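Take a look at the letters that make up each chain.
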Amino acid sequence: MLKRLFGLITLLLSTSVMSHPVIYKGGTVVSSFNMSSYSDNQLLYSFSSRWATGLNHWRFTKDQQNTEIGLARLNYLLWRRNTEDSQANIYLLSGAGMMDSEIDKKSTAVAFMSGFEADWETRTLYTALKHYQFNSPATSDLTMTQARIGFSPFESDFENLQSWFMLQAMYMPEIEKKIILTPMLRFFYKNVLWEFGSSTRGEWMLNLMVHY
Amino acid sequence: MKYATILVMTSLLSIQAYAAEINVKVSGMVCSMCAQGIQKKFSNEKSVEKIKVNLDNKLVQILTKDGQNISDEKIKELISEAGYNVAEIERK
């Protein structure tokens, strides 16, 4: 039943995105980030320029066994610095819901998430660091740390297609002992962003995100 | 005196009938996808006819509807809700 619910949430979110954890007041973000060992699907609504809430589904896969997590999210913009040519942000992330684990220990239980996200960007440079910590009293804890760096070869204007070269490093010690490096291409046009790449161990990555 | 009063009133009414053109310099506006929020916020304002975002100049150009205006405070509020800061407001 829980798996069906997770599947339904994933299906509902499959047309969406991932971006800043909090966007403009009244804005909605839908995102779907997919790798064979990890997926992250979000539907977030920013009810102010500092707070956002929504639903999130994650999947961690190890040796063809999945741990799936479905949480209600609450994100907070802790700090923002706008300069003429850059923007920097620090967000606090939290969530509560259920975890259905097949990895290490089979169990379905209440789960909580805490984390943070920080980014700094100009029109041609991008850096970001994100960390999720999943805890559940009945199952093994999970963590995911993701760092990204990117550059755009040219400054596109508001109405034009933007292109970026990115490098992503992901560390999920409970799934894979080594850091997974993924070079990728990022594009965005108006309110739609898409990214794709292949990791150094041959794992595909696809991310799709929409703001509206 | 009567003609002078009519002249002043006509002038005041004609000023009010024009649309206002406002240039807003914005800090932190580096991502076009994120700046979509600015366009959305101002497009929802009844007094705004047209909104143009220029990332090169970090400029938001607002054209109001005829006879309508938007205050500096409202502009700052909408830009702030979109996640940015107003550096300067220039009215033409």
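Treat the numbers as computed from the prediction; the structure is a model and nothing was measured. Along each chain, residue indices are assigned from 1 in the same order as the chain's sequence is written. Labels follow written order: the first chain is A, the first ligand is 1, and so on. In view of the model being predicted, local features appear only for residues whose pLDDT reaches at least 70, and side-chain atom pairs are presented and counted only at 80 or more, with totals across whole chains, interfaces and linings using the full set of residues. Computation of side-chain values covers all heavy atoms of the structure but excludes hydrogens and water.

Undergrad: Would you mind showing me how to read the overall build of chain A here?
TA: Segments assigned H or I by DSSP are reported as helices when at least four residues long, segments assigned E as strands when at least two residues long, and all are numbered from the N terminus. The number of helices and strands found in chain A is one helix and twelve strands. Tracing chain A from N to C terminus, the helices and strands come up as α-β-β-β-β-β-β-β-β-β-β-β-β. Accessibility throughout is a Shrake-Rupley quantity obtained with a 1.4 Å probe, and a residue counts as covered only by protein chains that appear here. For chain A, the exposed area adds up to about 9400 Å²; of that, 63% sits on carbon and sulfur atoms.

Undergrad: How should I be thinking about the interface of chain B and chain A in this particular structure?
TA: Size of an interface, as often reported, equals the accessible area lost when the parts are brought together. By definition in these notes, contact holds between two residues if any of their heavy atoms fall within 4.5 Å. In this assembly, 25 residues from chain B lie in contact with 30 residues from chain A. In total, chain B and chain A occlude about 2300 Å² of area from one another, counting both sides; carbon and sulfur atoms represent 55% of this. We define a salt bridge as a side-chain nitrogen of Lys or Arg found within 4 Å of a carboxyl oxygen belonging to Asp or Glu. Scanning the region where chain B abuts chain A turns up three salt bridges. Residues B:Asp56 and A:Arg123 are paired through a salt bridge, measuring 2.8 Å at the closest nitrogen-oxygen approach. Here's the idea: put two parts together, see how much 1.4 Å probe accessible area each one loses, and the total over both is what we call buried area.

Undergrad: What's the story with unusual backbone geometry in this structure? I'm lost.
TA: Outside of glycine, negative phi angles account for most residues, and trans bonds account for most peptide bonds. Positive phi, close to 50 degrees, is recorded for A:Asp63, a residue that is not glycine. Mapped onto the secondary structure, A:Asp63 falls in the loop between strand E3 (51–62) and strand E4 (65–82). Working definition: with a 1.4 Å probe on protein chains only, accessible area under 20% of the residue-type maximum means buried, over 50% means exposed, and in between means partly exposed. A relative accessible area of 66% places A:Asp63 in the exposed class. For B:Lys58, which is not glycine, the phi dihedral falls at a positive 55 degrees. Among the secondary structure elements, B:Lys58 is positioned in the loop between strand E2 (48–54) and strand E3 (59–64).

Undergrad: So what exactly am I meant to see when it comes to the side chain of A:Ser163 here?
TA: Relative to the elements of secondary structure, A:Ser163 occurs in strand E9 (residues 162–171). Residue classification places A:Ser163 among the buried positions, given a relative accessible area of 15%.

Undergrad: How should the packing of aromatic side chains be read in this particular structure?
TA: Aromatic rings in a pair are described by how distant their centres are and how their planes are angled relative to each other. Residues and elements named next belong to chain A. Stacked, tilted and edge-to-face are the three classes assigned to paired rings of Phe, Tyr and Trp, where Trp is represented by its six-membered ring and a pair needs centres within 6.5 Å; plane angles under 30 degrees give stacked, over 60 edge-to-face, the rest tilted. In the structure shown here, the tally under the stated rule is eleven aromatic pairs over all chains. Ring plane angle 70 degrees and centroid distance 5.8 Å describe the contact between Phe 33 and Tyr 38, whose orientation is recorded as edge-to-face. For Phe 33, a relative accessible area of 0% gives the class buried. Taking the relative accessible area as the measure of exposure, Tyr 38 reaches 1% and is therefore buried. One aromatic cluster is present, formed by Phe 33, Tyr 38, Trp 58, Phe 60, Tyr 132 and Phe 134 through successive ring pairs. Lysine NZ or arginine CZ positioned within 6 Å of the ring centre and within 35 degrees of the ring normal marks a charge as sitting over the ring. The ring of Tyr 126 has Arg 186 sitting right over it, with the charged end atom 4.5 Å from the ring centre.

Undergrad: Explain the nonpolar core here, please?
TA: For this analysis, a nonpolar core means a set of buried residues of the types Ala, Val, Leu, Ile, Met, Phe, Trp, Tyr and Cys, connected via side-chain atoms within 4.5 Å. A:Phe60, A:Phe134, B:Ile38 and B:Phe42 are the most contacted members of the largest nonpolar core, which totals 60 residues. In terms of residues, this core owes the most to one element, helix H2 (residues 32–43) of chain B, which gives five residues.

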